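Residue strings, one per chain:
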Amino acid sequence: MNAADRKIIHVDMDAFYASVEQHDNPELKGKPVCVGGGQYGVVAAASYEARKYGIRSAMPGRIALEKCPHLIVVKPRFQRYKEISGQIRDIFYEYTDLVETLSLDEAYLDVTENKKGISSANTIAREIRQRIFERTGLTASAGISVNKFLAKVASDYNKPNGQKTIHPTQVLEFMEKLPIEKFYGIGKVTANRMHELHIFNGADLKARSEQELTTLFGKSGKYYYNVVRGIHENPVRPHRIAKSVGVEETFWENLADEESVFEQLKTLSKELETRLLKKNVKGKALTLKIKYRDFTQYTRSKSVEEFFSDFTRINAIALDLWKLRPYDRPVRLMGLSLSNLDSHESKKVSVQLKIPFEDI
């Protein structure tokens, strides 16, 4: 099948953990709520009311409380979130077996051929969102298009409780107008670097050759070259089992002193903790990845006896691994990943229309 003939839906629950807490405790509805955090923790999720104060996941709890002193902090209940996530997945499988679960609150669905014989992916997404609401009392947003990248970008457009379709005939125009920071897979540091290069939207990115982008961004350059042209052929992979959860960051300015390195390790440790909380997994083996200014690379891992996922342990082990580095050179990239996980699938899990679309 031609990639342009696929119908892919990305379903993303709206402020999932916080919404579950507000649903289960009506007294929390309409109030700023965060799951996790407090003075010493990290925010795992924030309600839309809390987001109005600038509170986001992965933010240190003390900063969240400074932004909103009347913020209500609740303890995560991951068994409850997993229970509801299972109910949502059951709905997905009523339409297709091609479901790629990314976390408890989001998934890709390939509905090109579906169990209900519905020709419109837009109709399927609308039905799924309605079924989720009827069964759980929670809202979901959806993006619909010809590949996973576009569906992921689209699902963020009409949040909360909305959906957006990027029709095959609209893909190239949509991508050219898309701000570079909206590209899935382009983080803040890379976006800032692109701004320095006068790349502000898809049209600017499209004007660069594949060779130029590869020179500037390495292997990611080819990815950027393709996606801005609507090319992203990765299929929806059901029952995907990855082996680690990881985060990494490439720095626009190389880190030349340990104080800067320590701050970045803190940031990476907090982000990794948030991802582990979202996936509800812990691990036993932490790996530090360092890429130096001259592009030489170093990795070192440490395994422990007990599963862990908390910031304090992650950061402490990361600092120990940093001290073992063989080179004292400016750092271009750092990453942290946790493996040997305790997931329920295999104890090892991970760190993304000639269609009668109708209206799709």
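Before any of the text, the structure's been laid out above.
Let me sum up the structure you'll find in this document. The structure displayed is predicted, hence computed values, not measured ones.

1. Quick notes on the overall build of the chain
Right, on to step 1. Of the regular secondary structure elements, the chain holds 13 helices and twelve strands.
Right, on to step 2. Taking all 360 residues of the chain together, 48% fall into the buried category.
Right, on to step 3. Split by element, the accessible area of the chain, about 17,600 Å² in all, is 47% carbon and sulfur.

2. Thoughts on the packing of helix α12 (residues 258-279) against helix α13 (residues 311-323)
Right, on to step 1. Interaxial distance between α12 and α13 falls to 9 Å at its minimum, and their mutual angle equals 140°. When the interaxial angle is binned, α12 and α13 end up oblique. In the crossing of α12 with α13, the sense of the turn from one axis to the other is right-handed. Of the residues in α13, those in contact with E258, V261, F262, L265, K266, S269, K270, L272, E273 and L276 of α12 are F311, I314, N315, A318, L319 and W322.

3. Here's the deal with helix α1 (residues 16-24)
Right, on to step 1. With seven of nine residues buried, α1 is to be regarded as a mostly interior element.
Right, on to step 2. Every buried residue of α1 is accounted for by F16, Y17, A18, S19, V20, E21 and Q22.

4. Points about the nonpolar core
Right, on to step 1. If you look at the biggest cluster of nonpolar residues, it comprises 36 residues, and the most contacted ones within it are I9, F16, Y17, F92, L109 and I132.
Right, on to step 2. Listing elements by their share of this core, those giving two or more residues are β1 (8-13), α1, β2 (33-35), α4 (78-93), β6 (106-110), α5 (121-136) and β7 (140-145).
Right, on to step 3. Of all the elements, α4 adds the most residues to this core, at six residues.
Right, on to step 4. Apart from the residues lying within four places of it in its own chain, the contact partners of F92 are V11, V99, A107, L109, I128 and I132.

5. Regarding the pattern of salt bridges
Right, on to step 1. Here the structure, examined in full by the defined rule, presents 19 salt bridges.
Right, on to step 2. A salt bridge links E248 to K289, with the nearest nitrogen and oxygen atoms 3.2 Å apart. Taken together, the residues E248 in strand β9 (residues 244-255) and K289 in strand β10 (residues 283-292) connect sequence positions 41 residues apart.
Right, on to step 3. Looking at E248, the relative accessible area reads 47%, which means it is partly exposed.
Right, on to step 4. Salt-bridge contacts for D328 lead to R325; the nearest nitrogen and oxygen are separated by 3.8 Å.
Right, on to step 5. Residue class for D328 comes out exposed when judged on its relative accessible area of 69%.
Right, on to step 6. Taken together, the salt bridges that share partners define one network made up of E21, D24, R77, R80 and E83.

6. Brief notes about the sheet that holds β2
Right, on to step 1. Ordered in space as β3-β2-β4, the three strands form an open sheet in which the pairing is mixed. At either end of the open sheet lies a strand with only one pairing partner, and these are β3 (45-46) and β4 (72-74).
Right, on to step 2. Here β2 pairs with β4 via three bridges, running parallel. In the sheet register, V33 faces β4, and the bridge partner there is I72.

7. Some points on the packing of aromatic side chains
Right, on to step 1. For the coordinates displayed, the defined rule picks out ten aromatic pairs.
Right, on to step 2. Arranged with centres 5.6 Å apart and planes meeting at 90°, the rings of F78 and Y81 form a pair that is edge-to-face. One end of the pair is F78 and the other is Y81, both in helix α4 and three residues apart, which spans about a single turn. As far as the burial class goes, F78 and Y81 line up, both buried.
Right, on to step 3. Note on F149 and F183: the rings are 5.8 Å apart at their centroids and 55° apart in plane angle, and the pair reads as tilted. Of the two residues, F149 sits in helix α6 (residues 148-155) while F183 sits in the loop between α7 (171-177) and α8 (188-196), which places them 34 residues apart along the sequence.
Right, on to step 4. With a relative accessible area of 3%, F183 lands in the buried category.
Right, on to step 5. An aromatic cluster is present here, built from F149, F183, F217, Y223 and Y224 joined pairwise through their rings.
Right, on to step 6. Seen from the ring of F311, K270 lies directly overhead, with NZ or CZ sitting 5.7 Å from the centre.

8. Some thoughts on empty space enclosed by the protein
Remark: the empty space left among the atoms is shown by a probe the size of a water molecule rolled over them.
Right, on to step 1. Space inside the largest cavity adds up to approximately 60 Å³.
Right, on to step 2. Of all the secondary-structure elements, those providing two or more residues to the lining of the largest cavity are β1, α4, β5 (99-103) and β6.
Right, on to step 3. The greatest single-element share of the lining of the largest cavity, amounting to four residues, is contributed by α4.

9. Details of α8
Right, on to step 1. Those residues of α8 that sit buried are T190, A191, R193 and M194. Viewed end-on, α8 has its buried residues packed into an arc of 160°, placing them on one side of the element. For α8, the exposed residues set more than 90 degrees away from the buried face come down to K188 and E196.
Right, on to step 2. The first or second residue beyond α8 is H198, which carries a positive phi of 65°.

10. Remarks on the sheet that holds β5
Right, on to step 1. Pairing is mixed in the open sheet, where five strands are placed in the order β5-β6-β1-β7-β8. Pairing within the sheet leaves two strands with one partner each, and these edge strands are β5 and β8 (163-165). Ignoring strand direction, the axes of neighbouring strands in this sheet form an average angle of 15°.
Right, on to step 2. Packed on one face of the sheet, α4 meets β1, β5 and β6 and runs near 160° to β5.

Cut-off values and rules
Residues numbered from 1 in each chain as written. Predicted model: local features only at pLDDT ≥ 70, side-chain atom pairs only at ≥ 80, totals over all residues. Heavy atoms only, no water. Helix = DSSP H or I, 4+ residues; strand = E, 2+ residues; numbered from the N terminus. Buried < 20%, exposed > 50% of the residue type's maximum accessible area, 1.4 Å probe, protein only. Areas by Shrake-Rupley, 256 points an atom, 1.4 Å probe, with all protein chains shown as cover. Axes fitted to C-alpha atoms, helices over the stretch in contact; angles between N-to-C directions. Parallel < 35°, antiparallel > 145°, perpendicular 65-115°, else oblique. Left-handed = near helix turned anticlockwise from the far one by under 90°. Contact = heavy atoms within 4.5 Å. Core = buried A, V, L, I, M, F, W, Y, C linked by side-chain atoms within 4.5 Å. Salt bridge = Lys/Arg side-chain N within 4 Å of Asp/Glu carboxyl O. Pairing = 2+ DSSP bridges. Phe/Tyr/Trp six-rings, centres within 6.5 Å; stacked < 30°, edge-to-face > 60°. Lys NZ or Arg CZ within 6 Å of the ring centre and 35° of its normal. 1 Å grid on protein atoms, 1.4 Å probe; cavity = no way out; pocket = protein on both sides within 12 Å on 5 of 7 lines; lining within 4 Å. Points joined across faces, edges and corners; volume = space filled by probe spheres on them. Arc of directions from axis to C-beta.

Purely geometric numbers; function is a separate question.
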